[in-house]
Amino acid sequence: MNQRLVKEIMQRMLLTCLSNTPIDMVARRMNDYRVHALVVVDDDGYAIGIVSQTDLLIAHCRTETELSECITAGDIMTPAVITCTPETTIFDAVTTMTRHHIHRLVVVKPHTSKLYPLGVISMTDIIRHLLNDSSDESQPALPYQSDLSHRN
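Okay, so let's go over this structure.

About the thresholds
- Residues numbered from 1 in each chain as written.
- Predicted model: local features only at pLDDT ≥ 70, side-chain atom pairs only at ≥ 80, totals over all residues.
- Heavy atoms only, no water.
- Pairing = 2+ DSSP bridges.
- Helix = DSSP H or I, 4+ residues; strand = E, 2+ residues; numbered from the N terminus.
- Axes fitted to C-alpha atoms, helices over the stretch in contact; angles between N-to-C directions.
- Core = buried A, V, L, I, M, F, W, Y, C linked by side-chain atoms within 4.5 Å.
- Buried < 20%, exposed > 50% of the residue type's maximum accessible area, 1.4 Å probe, protein only.
- Contact = heavy atoms within 4.5 Å.
- Arc of directions from axis to C-beta.
- Salt bridge = Lys/Arg side-chain N within 4 Å of Asp/Glu carboxyl O.

## Notes on the sheet that holds strand 2 (residues 37-41)
Taken in spatial order, the 3 strands line up as 1-2-3 in an open sheet, and their pairing is mixed. The open sheet terminates on both sides in strands that have one partner only, identified here as strand 1 (16-18) and strand 3 (47-52). Each strand of the sheet is rotated relative to its neighbour by a mean of 35°, with strand direction disregarded.

## Digging into the nonpolar core
With 15 residues, the main nonpolar core has Val-26, Val-51, Leu-56 and Ile-76 as its most contacted residues. Of all the secondary-structure elements, those providing two or more residues to this core are helix 1 (23-33), strand 2, helix 2 (53-63) and helix 3 (73-76). Beyond its immediate sequence surroundings of up to four residues, Ile-76 is in contact with Ile-23, Val-51, Asp-55, Leu-56, Ala-59 and Ile-71. Core analysis: the second largest hydrophobic core is formed by 11 residues, Val-6, Ile-9, Ala-93 and Ile-126 among them.

## Notes on the pairing of strand 6 (residues 117-122)
Counted residue by residue, strand 6 has 5 buried out of 6 residues, so it is predominantly covered. One ladder, built from 5 bridges, connects strand 5 (residues 104-108) with strand 6; its direction is antiparallel. Counted as the bridge partner of Leu-105 is Ile-121 from strand 6.

## As for the environment of Asn-31
Looking at the secondary structure, you find Asn-31 in helix 1. What makes Asn-31 exposed here is its relative accessible area of 57%.

## Quick notes on helix 4 (residues 90-100)
Those residues of helix 4 not exposed but buried are Ile-90, Ala-93 and Met-97. One side of helix 4 carries all its buried residues, which in axial view fall inside an arc of 60°. One or two residues past the end of helix 4 sits His-101, with phi positive at roughly 55°.

## Re the side chain of Ser-52
On the secondary structure map, Ser-52 appears in strand 3. Judged by relative accessible area, Ser-52 falls into the buried class, the value being 14%. The contacts of Ser-52, once residues within four sequence positions are left out, are Met-30, His-36, Ala-37 and Arg-104.

## Some words on the pattern of salt bridges
For the coordinates displayed, the defined rule picks out 3 salt bridges. Residue Glu-8 pairs with Arg-4 through a salt bridge whose shortest N-O separation is 2.5 Å. You can call Glu-8 partly exposed: its relative accessible area is 40%. One salt bridge in this structure joins Asp-125 and Arg-128, with 3.6 Å as the shortest N-O distance. On the criterion of helical spacing, the pair formed by Asp-125 and Arg-128 is a turn pair, its members being 3 residues apart in helix 5 (residues 123-135).

## Notes on helix 1
Ile-23, Asp-24, Val-26, Ala-27 and Met-30 are the residues of helix 1 that are buried. Along the long axis of helix 1, the arc covered by the buried residues comes to 160°, so they all point the same way. In the stretch just after helix 1, Arg-34 is the one whose phi turns positive, near 55°.

The structure is reproduced here in C-alpha cells:
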C-alpha cells in the first residue's frame, strides 16, 4: 500500500454540482448515484467546495422542513476542499484523511493555481483495494458468518 498511487484506484467518474444547485437536487443526485458527497464547482469547473451527506442532514435538521429549494449547495458546502494529486501515495492519502477526520479526498490536477478536480478517492475505495490485493495473494478465504447467527 505504501508504494501504490491514488491514480491506480481513484474514482474518475466525478459527480459535481454548482453552488446554486438546490439541496433537494443535491440529495436526489447523491441518492441516484449512491455516493456520499458531491464536489461543488464554479462555472469553469474548478472545485470550490464539497457537500456531503452530513452537510445535508445538518441543513435539514436546522431548517426543520423538507429539503428546501431556497437552500443551495453553496449555502451548506464545506469550502475548504482537502485534496491530493493522482501521484499521491495511498498511504499519504489515508494519512491526510485521518488527520482531517474526513472520508474522501478530491483528486486534483497537479501544479495548477486553481483546484481542477479529476476524481475522488474515499476510504471505501482504499478498503476495496486492500481487500482485492489480499485476495490476490492466494490466501484462503474465510467463510462469512453473520453476527446474527451467534445470537440466541
